Amino acid sequence: TTDDDTTTVDVIVVGAGFSGLYLAHRLTRANEATGDGSANWSFAGFEAGPSVGGTWFWNTYPGARCDVESIYYSYSFDEQLQQEWTWSQRFAPQAEILRYINHVADRFDLRRHFTFNTRVTAATWNADDRLWEVSLSTGETRRARYLISGAGGLSTPKDFDVPGLTNFTGLRVSTSRWNIDLNDLTGKRVAVIGTGSSGVQAIPLIAEVAEHVTVFQRTPNYVMPARNSALPDDTVDAVKSNYAAIREECRHSLGGIPDYVVTDNAFDVDDSERARRYEEAYERSGFNGVGGEFADLLLDIDANRTASEFIHEKIRGIVTDAATAELLVPKYHPLGAKRSCFGTDYYETFNRPNVSLVSLRDEPIETMTDDCIVTSEHAYYADAVVLAIGFDAFTGPLYGLNLTGASGRKLQDTWHDGVHTYLGMMTADFPNFFMVAGPQSPALASNVVMSIEQSVDWIADLIEHARDERATLVQATVEAEDDWVAITEETVAPTLYATTDSWYRGSNVTGKANTFMGYVGGVGKYRRMCTEIAKRGYPGIAFDGEATARNL
Ligand code: NA7
């Protein structure tokens, strides 16, 4: 690029969430920190929202918090940052996570790299100039050698596919674009549709202010107690005095949090020992709770049943109305094979006199009127409808970029029959395009901030390598991509994820191809593979347009 060309930059990044902010830092800091210019990229970020935060900017619904512990769900790249920032709770609420992201943006002076309120609406590969031509919602265009998506995995809300929704004239709000105050629901009859993580977090708080809450549940989920609490000073001190080592442990773990190592299987112990272990795990909670108590719980349906039934009994023990309890018992999928939920007083909420439950499997919604949800059995009057129906995960945000690749095809057409990527970060036919922690990376089964850091570092190293080699084109080969898809499929095949419908495999969106959108072999193993590939000079990636992988 030339100095007087302000519309062309080395790197354009989409999104100013955890991914885009760290990318901005990683690709610009060495210039200032070392003065050697080794990472001196010209860089432009575009963010659709008015400020930083991404998913944590938009999801402001009551009760929103991360269910990965904050001491892990935070950046590890800067020792001083992690020493100086103190989390107030085990699971920080959304507002605190957003404060943290703002703190990081200010601390490292990252906002200046981004243009806000500006969406990337399309991007087309220009093979002659080896640049991405990027269209913006402002009507302007920009050009970049590299285009990197930090658009996230759970950022595009699923279409509001509820029959008759547009007939409803009362208050309508979705958890993922929450734009009201909880008090706006005070004294109202509220219908909540959806009982995934978002609904599970929001419902107990809505029930505290609403006159009545009717929960419309399609698939009951396993909700374990979050056991959130204030973080005591001595815990914070212990973590901080050992933070570097804890982070290193997370980097080499299965899920980006310290491993809870279990080697025995559910039937290796007798019934009473198993029950004791599950009780202990239930107290511990989190992703290393009941679902992680035995090594074969995600591999063997009979083993899993012992854990699933343990939770069923907990639900029956909490919910006093037997019929309601039975509707809440998750019987359509094994524990952990869909994303587990962690709640605070979730099942207890159904004991309130102002909360009732409707099972959409027994009485589907047929339509809505101006003030009523009409199922096959009843009409439920409501002043407000809260949609907590989830996201068009991973591919939604990527397809929203309207990418046109080297062959002139759109990404959504290239992936029509299934997602295919190399390492979840690149895809053949889309040269010089990268996805931070994209589909088929470990992102969905991990502490995603840790996955994002690994992905950003690997992509940055790769384009630095390309620059060192004077290459202007970086492209995954079809062979490398096929191999990676096969690896992700072989890894997931023996698990219960493979046989369970979930957003993990696109089943929540009508017409979406069925691909498992993660690599479940573990964060540590994936990191080692990626590092090894870099060390070997990037086999599977063609530089400067070489047609096949370099066999180094
Ligand atoms: P989820 O987990 O996808 O949950 C969405 C919920 O909404 C789930 O209970 C769905 O039932 C239900 N749903 C979806 N569409 C409809 C329609 N059309 N009618 C009725 N019910 C519907 O999204 P969340 O936002 O809660 O959580 C997403 C992730 O964020 C979560 O996994 C964490 O990683 C953080 P279904 O199960 O499809 O029958």
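With an unreviewed UniProt entry as reference, the chain is termed NAD(P)/FAD-dependent oxidoreductase, source organism Gordonia asplenii. UniProt's Cofactor (unreviewed entry) comment on the chain is quoted here verbatim: "FAD".

This paragraph deals with the overall build of the chain. Within the chain, the regular secondary structure consists of 16 helices and 20 strands. Counting only C-alpha atoms and orienting by the principal axes, one finds that the chain spans roughly 70 × 55 × 45 Å. Evaluated residue by residue, the chain yields a buried proportion of 49% over its 552 residues. Excluding contacts between residues fewer than 6 apart, the proportion of contacts in the chain whose partners are at least 24 apart in sequence is 70%.

What follows is about the environment of Tyr 72. Here Tyr 72 shows up in the loop between α2 (55–58) and α3 (79–84). For Tyr 72, a count of 21 C-beta atoms within 10 Å translates into the label buried. In this structure the C-alpha to C-alpha distance between Tyr 72 and Ala 443, which are 371 residues apart in sequence, comes to 14 Å. Ignoring any residue separated from it by four or fewer positions in sequence, one finds Tyr 72 in contact with Cys 250, Gly 256, Ile 257 and Asn 447.

Lining the immediate environment of the ligand, one finds 20 residues, of which Gly 194, Gly 196, Ser 198, Thr 219 and Gly 390 sit closest. Of the residues assigned to the shell around the ligand, the class counts are eight nonpolar, nine polar and three charged.

With that out of the way, let us pick up the pairing of strand β8 (residues 189–193). In terms of burial, β8 is a largely internal element, four of the five residues being buried. By the bridge criterion, five bridges tie β8 to strand β9 (residues 212–217) in an arrangement that is parallel. Looking across to β9, one finds that Arg 189 is bridged to His 212. Handedness of the crossover joining β8 and β9 through helix α5 (residues 197–209) is recorded here as right-handed. The pairing of β8 with strand β16 (residues 384–387) spans four bridges and is parallel. Each bridged residue has a counterpart across the sheet, and for Val 190 the counterpart in β16 is Ala 384.

To continue, consider the sheet that holds β8. The strand order β7-β16-β8-β9-β12 describes an open sheet built from five strands, whose pairing is parallel. Strands with a single pairing partner mark the edges of an open sheet, and in this sheet they are β7 (171–174) and β12 (355–359). Averaged over all adjacent pairs, the angle separating strand axes in this sheet is 20 degrees, with direction ignored.

Okay, the environment of Leu 411 next. With respect to the helices and strands, Leu 411 occurs in helix α13 (residues 411–414). Overall, Leu 411 belongs to the buried group, with 21 C-beta atoms counted inside 10 Å. As for Leu 411 and Met 368, which are separated by 43 residues in sequence, their C-alpha atoms are 35 Å apart. When sequence neighbours within four positions are dropped, the list of residues in contact with Leu 411 reads Leu 398, Tyr 399, Leu 403, Gly 405 and Phe 430.

Let us look at helix α4 (residues 94–107). The end-to-end C-alpha distance of α4 is 20 Å, a good match for the 20 Å that 14 residues give at a rise of 1.5 Å each. When we look at burial in α4, the residues that qualify are Gln 94, Ile 97, Leu 98, Tyr 100, Ile 101, Val 104 and Ala 105. What you see down the axis of α4 is that its buried residues fit within an arc of 155 degrees, all on one side. Among the exposed residues of α4, those oriented more than 90 degrees off its buried face are Ala 95 and Asp 106. Count one or two residues on from α4 and you reach Asp 109, which has phi positive near 55 degrees.

Attention shifts here to the sheet that holds strand β15 (residues 379–381). In space, the three strands of this open sheet follow the order β13-β14-β15, with antiparallel pairing throughout. At either margin of the open sheet sits one strand with a lone partner, and together these are β13 (365–369) and β15. Direction aside, neighbouring strands of the sheet carry axes that sit 20 degrees apart on average. Pairing geometry for β13 and strand β14 (residues 372–375), over four bridges, is antiparallel.

Next up on the list: unusual backbone geometry. You will see that Asp 345, though not glycine, has its phi angle at about 60 degrees, which is positive. Although it is not a glycine, Ala 437 sits at a positive phi angle of roughly 50 degrees. C-beta crowding within 10 Å serves as the criterion here: with 29 such atoms nearby, Ala 437 is assigned to the buried category.

Consecutive residues of a regular strand have side chains that alternate between opposite faces of the sheet. Judged from the six bridges that link them, strand β4 (residues 120–126) and strand β5 (residues 131–136) form a sheet pairing that is antiparallel. When the sheet's bridge partners are listed, Trp 125 is paired in β5 with Trp 132. Joining the antiparallel neighbours β4 and β5 is a turn of four residues, in which Arg 130 adopts a positive phi near 55 degrees. Relative to strand β6 (residues 141–149), β5 runs antiparallel, the two sharing four bridges. When the bridges of β6 are listed, Ser 135 appears paired with Thr 141. The turn joining β5 and β6, which pair antiparallel and follow one another in sequence, is formed by four residues; a positive phi near 95 degrees is taken by Gly 139.

Following both chains from N to C, one finds helix α14 (residues 448–468) and helix α16 (residues 523–535) inclined at 5 degrees, their axes separated by 11 Å at the closest point. Taken together, α14 and α16 sit at an angle that is classed as roughly parallel. Between α14 and α16, the residues in contact are Met 450, Ser 451, Gln 454, Trp 458 and Asp 461 and Val 523, Arg 527, Cys 530 and Ala 534, respectively. Its residues assigned to classes, the contact of α14 with α16 shows five nonpolar, two polar and two charged.

So, on to the confidence of the model for the chain. Considering every residue of the chain, the mean pLDDT works out to 95; 96% of them sit at 70 or more. Taken together, the stretch residues 546–552 has pLDDT below 50 and engages in 15 contacts with residues farther than four places along the chain or on a different chain. What the predictor reports for the complex is a pTM of 0.96 with an ipTM of 0.99.

Residue placement: Met 435 occurs in strand β18 (residues 433–435). When the 30 C-beta atoms within 10 Å are taken as the criterion, Met 435 is described as buried. Considering only alpha carbons, one finds Met 435 and Gly 152, 283 residues apart in sequence, at a separation of 8.9 Å. The residues contacting Met 435, other than those within four sequence positions of it, are Ser 149, Leu 398, Gly 424 and Met 425.

Procedures and definitions
- Residues numbered from 1 in each chain as written.
- Predicted model: local features only at pLDDT ≥ 70, side-chain atom pairs only at ≥ 80, totals over all residues.
- UniProt positions renumbered as here; feature names shortened; annotations may be inferred.
- Helix = DSSP H or I, 4+ residues; strand = E, 2+ residues; numbered from the N terminus.
- Buried ≥ 20, exposed ≤ 12 C-beta atoms within 10 Å, placed from the backbone.
- Contact = placed C-beta atoms within 7 Å.
- Near = placed C-beta within 6 Å.
- Nonpolar A, V, L, I, M, F, W, Y, C, P; charged D, E, K, R; others polar.
- Pairing = 2+ DSSP bridges.
- Right-handed = clockwise from strand over helix to strand, strands pointing away.
- Axes fitted to C-alpha atoms, helices over the stretch in contact; angles between N-to-C directions.
- Expected span 1.5 Å × (residues − 1).
- Arc of directions from axis to C-beta.
- Parallel < 35°, antiparallel > 145°, perpendicular 65-115°, else oblique.
- pLDDT = per-residue confidence, 0-100.

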